[in-house]
Amino acid sequence: GFFQSHAVEVDIKDASNATCLYADWMMRFLITYESNTSDYKTTALNLSSSVTHNGSVCGNDTQAAVVAVQFGEGHSWSISYTKTNETYHGNWITFTYNTNDTAVFPDAKRKGPVSVVVKDPTRPVQLNNVYVCHNPDFIEAENVTQIFWNVTVQPFVQNGTVSKKESRCPADTPTSAPTVLPTTANVTTVSTTTLSPAPTTPPKPVENPDTGNYSLKSGNKTCLLATVGLQLNVSQDKPLLININPKTTTADGACGNTTATLRLNDGNSTLISF
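Remember, it's a predicted structure, so these values are computed and weren't measured experimentally. (Residues numbered from 1 in each chain as written. Predicted model: local features only at pLDDT ≥ 70, side-chain atom pairs only at ≥ 80, totals over all residues. Heavy atoms only, no water.)

*Asks:* Describe the state of the cysteines, listing the residues and the values that go with them.
*Replies:* Considering all chains together, one arrives at three disulfides under this definition. Bridging Cys20 to Cys58, the disulfide has an S-S length of 1.8 Å. Between Cys20 and Cys58, the disulfide has an S-S torsion of -60° and is therefore left-handed. Of this pair, Cys20 sits in strand S2 (residues 19-34) while Cys58 is found in the loop between strand S4 (51-52) and strand S5 (65-71), placing the two residues 38 residues apart along the sequence. (Disulfide = S-S within 2.5 Å. Helix = DSSP H or I, 4+ residues; strand = E, 2+ residues; numbered from the N terminus.)

Set out below in structure tokens:
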């Protein structure tokens, strides 16, 4: 499956052996790197079953709390948190991957550790609340896509007990269960039966999207062509249809010998990656 990975649990104790920082989550990384034939490939880096958490610290009013993990052949990930009188928030996420890991980067042109630092986009959370997000969250920066899901985290734990009060991410509903993430086996067409009758008023028709022509080059040669009209159907309380406008959409990505990635950005916070 696409989201095969191991869960991580970090439970940091203070000097009195009481929990001061707790985190439990799953994550995966998609990394585009240059091969020794000078083309670009995208590889997946998953957490291994053996994870350490050296460098994780509790934090206090003047010092940031840090969740830090190390895994695989020289890979590491960390996030720092600071607090105000009423809230806490994530600061910077630092991800370091090691291209000397030949199982993940069998033909990397440049060898050694590579670090990517990105601002945590999560909104502030009320103190003594545990942050929960079951749905996948994606952060893209510097040829790396970081994917997180089934996240539970609380820095600055009070009285050694993780709070029962939850602050959910916008993608979750108050009663949502852990997400069943997509695999080739469970991406199917699903029919739903409801107890109430189906609405008799048809939805307002939406115009077909304009067709766009997108292309990528490798050196002076075009390596990918796409002619496509794109419409997004967002499932929520009130379905939302979005047409991607080719006139305001930019394309980038990379081509390799066996894989190619096309990313489309419409300039309105909508990013689609093929």
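*Asks:* Can you explain the pairing of S5? Please cite residues and give values.
*Replies:* Sheet faces and side chains relate simply in a regular strand, where the side chains alternate between the two faces. A large share of S5 lies buried, amounting to five of its seven residues. Taken together, the two bridges between S4 and S5 define a ladder with antiparallel strand orientation. Residue pairing in the sheet places Val51 in a bridge with Phe71 of S5. Here S5 pairs with strand S6 (residues 75-83) via seven bridges, running antiparallel. Residue pairing across strands places Gln70 opposite Ser76, the latter belonging to S6. Hairpin connection, S5 to S6: the antiparallel pair is bridged by three residues, and Gly72 has positive phi, about 60°. (Buried < 20%, exposed > 50% of the residue type's maximum accessible area, 1.4 Å probe, protein only. Pairing = 2+ DSSP bridges.)

*Asks:* Got a sec to walk through the environment of Asn233? Specific residues and values, please.
*Replies:* Looking at the secondary structure, you find Asn233 in strand S16 (residues 231-234). It is 9.0 Å that separates the C-alpha atoms of Asn233 and Asn243, two residues lying ten residues apart in sequence. If near-sequence neighbours (up to four positions away) are discounted, Asn233 is found in contact with Pro239, Leu240 and Leu241. (Contact = heavy atoms within 4.5 Å.)

*Asks:* Break down the packing of aromatic side chains for me, citing the residues and quoting the values.
*Replies:* As enumerated under the stated definition, the model contains eight aromatic pairs in all. On the basis of an interplanar angle of 40° and a centroid distance of 5.6 Å, the ring pair of Trp25 and Trp77 is categorised as tilted. Separated by 52 residues along the polypeptide, Trp25 in strand S2 and Trp77 in strand S6 bring together distant segments of the chain. Take Trp25 and Trp77: they sit in the same class, and that class is buried. Geometrically, the ring pair formed by Tyr97 and Phe105 is stacked, given 5.6 Å between the ring centres and 25° between the ring planes. Each member of the pair, Tyr97 together with Phe105, is buried. The side chain of Lys119 reaches across the aromatic face of Trp92, ending 5.2 Å from its centre. (Phe/Tyr/Trp six-rings, centres within 6.5 Å; stacked < 30°, edge-to-face > 60°. Lys NZ or Arg CZ within 6 Å of the ring centre and 35° of its normal.)

*Asks:* I'd like a rundown of the pattern of salt bridges, residues and numbers included.
*Replies:* Between side chains of opposite charge, a pair can form when the charged atoms approach closely. Here the structure, examined in full by the defined rule, presents eight salt bridges. Taking the shortest distance from any N to any O, the salt bridge between Lys13 and Asp11 comes out at 3.6 Å. The exposure class of Lys13 is partly exposed, given its relative accessible area of 40%. Residue class for Asp11 comes out partly exposed when judged on its relative accessible area of 33%. The closest approach of N and O atoms between Glu34 and Lys109, which form a salt bridge, is 3.6 Å. Taken together, the residues Glu34 in strand S2 and Lys109 in the loop between strand S7 (87-98) and strand S8 (113-119) connect sequence positions 75 residues apart. (Salt bridge = Lys/Arg side-chain N within 4 Å of Asp/Glu carboxyl O.)

*Asks:* So, the sheet that holds strand S20 (residues 271-273): which residues are in play, and what are the values?
*Replies:* Spatial ordering of the open sheet is given by S18-S19-S20, a layout of three strands whose pairing is antiparallel. Each of the sheet's edge strands pairs with one partner strand only, and the pair in question is strand S18 (250-255) and S20. Each strand axis lies, on average, 15° off the axis of its neighbour in the sheet, ignoring direction. The pairing of strand S19 (residues 260-265) with S20 spans three bridges and is antiparallel. Residue pairing across strands places Asn265 opposite Leu271, the latter belonging to S20. (Axes fitted to C-alpha atoms, helices over the stretch in contact; angles between N-to-C directions.)

*Asks:* Outline the pairing of S18, listing residues and values.
*Replies:* Where S18 meets S19, six bridges bridge the pair, whose relative direction is antiparallel. Looking at the pairing, Ala254 lines up with Thr261 of S19.

*Asks:* Any details on the nonpolar core? Residues and values, ideally.
*Replies:* The biggest cluster of nonpolar side chains holds 42 residues, and the ones touching the most others in it are Trp25, Trp77 and Phe95. No other element matches S2, which puts eight residues into this core. In contact with Trp77, not counting residues within four places along its chain, are Trp25, Met27, Phe29, Val67, Ala68, Val69, Ile93, Thr94, Phe95, Gln146 and Phe148. By size, the runner-up hydrophobic cluster in this structure holds ten residues, among which are Tyr214, Cys255, Leu264 and Ile272. (Core = buried A, V, L, I, M, F, W, Y, C linked by side-chain atoms within 4.5 Å.)

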